[in-house]
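# Commentary on secondary and tertiary structure
Below are the chains, spelled out letter by letter.
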Amino acid sequence: MRINYFFEYITFFLGAVIASFIINKLILSFAKNLGIRNKNDVVVRWSNTSKPSLGGISLYFTFIIVVLAYATLFSEDNIFDEIEFVGLIGASTLAFGIGVADDAYNTKPFLKLFGQILCGFILVFTNNGIDVFHQPVFDGALTVLWVVAVMNSLNMLDNMDGITGTVSFFILLTCFVALGLISDPSNVLWSVLIVAEMGALVGFLFYNINPAKMFMGDTGSQFIALFVSFFGIKALWNLPAAFELPSWTSVFLILTAFTPAVADTLTVVINRRKRGVSVMLGGKDHTTHHLVYRGFTDYKVWIIFVIISLFSFAYSIVLSVLVIKGHYFFSVLGGLFFLLVFIPLYRTTLKYHAPTPKQELVE
């Protein structure tokens, strides 16, 4: 972190916390019956009670408020003239719209996928793409694939109180510190946006940690996933390129930072393919659910993911520093860290299952 910007970052973080908290408070005060899709659907959703799925509104509008505040009060240049910034605004607004449409109308998977692909193309054509192959076509394809993967992964992870918000917070914290390792004046804007969105997540998590008063909904998961994928590119995918280091190291940095989300998504994909079930459907077969089947409470499952995310953050930063100093092969240890998290979670899904109705009756 650059010391001369410390108070600016703190100001935006605390301001975002307050703004998000107030927005969510207002939402809960007059929208108890809004944002609730499929009220009687307890087959797919983990919670057996319907609550407003409007938390994403605070995440997006806090972002917009911060953008306007920064552009008006802190920036000497017109940030809206910067194509990369315009790309973030455009893609994140589209992601927010995709989520709103899905929460309101339960849109078809194909339309949702099309919108996610379009988000990826927006990043590509606004110079926000991944720079690994140093070939526009291959890097562009990887960027689109990355955006779609993250938007679906974090959406799938949003299956229990506090999980996606917490995982996203620590990923953004990783990106914030990683950007601080790169000496580029333009990163001040990106850093401000990151800390502000972290603040927005804190304001939301106050209402979302078990027992939750409100859910993020697709409105939130689609927006925050786009936001996270954008800064995953800026801070982690492209970190080796900023120092002219081997591109393959970025794969392990990404895998380490995104371990909680990747581990859950990979587990679900493997288990559903084994059962012949579509990976696009919702269900109570995530790692979080199986931890509950093992005997943990919802709150303890959240604590487990806090711990995993915290170690993921710390390990990512250590590996980033080592890579920058030229110790390239230490990045491979990121794969080891992922396996140390993934294997126990995956084995839990094989060993512990939802109790049968007869078992529930006995208990």
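The following paragraphs examine the structure supplied in this document. Each residue is numbered by its place in its chain's sequence as written, counting from 1. Whole-chain, interface and lining totals are the exception, using all residues; otherwise, since this is a predicted model, local features are given only for residues with pLDDT of at least 70 and side-chain atom pairs are given and counted only at 80 or more. Values reported for side chains reflect all heavy atoms of the structure, with hydrogen atoms and water molecules removed beforehand.

Next up on the list: the packing of helix H6 (residues 163–180) against helix H7 (residues 187–208). Viewed as axis vectors pointing N to C, H6 and H7 meet at an angle of 160°, and their least axial separation amounts to 9 Å. On the basis of the axis angle, H6 is roughly antiparallel to H7. Along this stretch, H6 crosses H7, giving a crossing that reads as left-handed. Contact with H6, carried on its side by Gly-165, Thr-166, Ser-168, Phe-169, Leu-172, Leu-173, Cys-175, Phe-176 and Leu-179, involves Asn-187, Trp-190, Ser-191, Ile-194, Val-195, Glu-197, Met-198, Leu-201, Val-202 and Leu-205 of H7 and no other residues of that element. Helix axes use the C-alpha atoms of the stretch in contact, all axes being lines fitted to C-alpha atoms, and the angles between their N-to-C directions lie in the range 0 to 180 degrees. Runs of E in the DSSP output that reach at least two residues are strands. Runs of H or I that reach at least four are helices, and both are numbered from the N terminus. Orientation is classified from the angle alone, with under 35 degrees giving roughly parallel, over 145 giving roughly antiparallel, 65 to 115 giving roughly perpendicular, and any other angle giving oblique. Left-handed describes a crossing whose near helix is turned anticlockwise from the far helix through less than a right angle; right-handed describes the clockwise counterpart. Contacts are assigned to residue pairs with any non-hydrogen atoms lying within 4.5 Å of each other.

For the rest of this paragraph, the subject is the packing of aromatic side chains. Centres within 6.5 Å are what make two rings of Phe, Tyr or Trp a pair, Trp counting through its six-membered ring; a difference in plane orientation under 30 degrees is then read as stacked, over 60 as edge-to-face, and the rest as tilted. Applying the stated criterion across every chain yields a total of 32 aromatic pairs. Between Tyr-60 and Phe-96 the ring centres are 4.2 Å apart and the planes differ by 10°, which places this aromatic pair in the stacked class. Linking Tyr-60 in helix H2 (residues 55–74) with Phe-96 in helix H3 (residues 83–105), this pair joins segments that are 36 residues apart in sequence. The same class applies to Tyr-60 as to Phe-96, namely buried. Look at Tyr-70 and Phe-74: their rings are 6.4 Å apart centre to centre, the planes differ by 10°, and that puts the pair in the stacked class. Here Tyr-70 pairs with Phe-74, and both are found in helix H2, just four residues apart, close to one helical turn. Only protein chains enter the accessibility calculation, which uses a 1.4 Å probe; a residue is then buried when its area is under 20% of its type maximum, exposed when over 50%, and partly exposed in between.

Along helix H10 (residues 249–257), the residues that are buried comprise Thr-249, Ser-250, Leu-253, Ile-254, Thr-256 and Ala-257. Seen along its axis, H10 keeps its buried residues to an arc of 165°; they face one direction. Arc definition: it is the arc formed by the directions from the helix axis to the C-beta atoms.

Another point: the environment of Leu-145. Mapped onto the fold, Leu-145 is located in helix H5 (residues 136–157). Measuring from C-alpha to C-alpha, the distance between Leu-145 and Phe-121 comes to 9.9 Å, with 24 residues separating the pair along the chain.

On to the pattern of salt bridges, then. Salt bridge, as used here: a side-chain nitrogen of Lys or Arg that lies within 4 Å of a carboxyl oxygen of Asp or Glu. In this structure the tally under the stated criterion is five salt bridges. The residue Asp-102 makes a salt bridge to Lys-112 at a minimum N-O spacing of 3.3 Å. You can see Asp-102 sitting in helix H3 and its partner Lys-112 sitting in helix H4 (residues 109–124), a full ten residues away along the chain. Taking the relative accessible area as the measure of exposure, Asp-102 reaches 4% and is therefore buried. According to the relative accessible area criterion, Lys-112 is buried, its value standing at 11%. The closest approach of N and O atoms between Lys-112 and Asp-218, which form a salt bridge, is 2.8 Å. Here Lys-112, found in helix H4, pairs with Asp-218, found in helix H8 (residues 217–237); they are 106 residues apart in sequence, far enough to count as distant. The pair Lys-112 / Asp-218 is uniform in exposure class, with both members buried.

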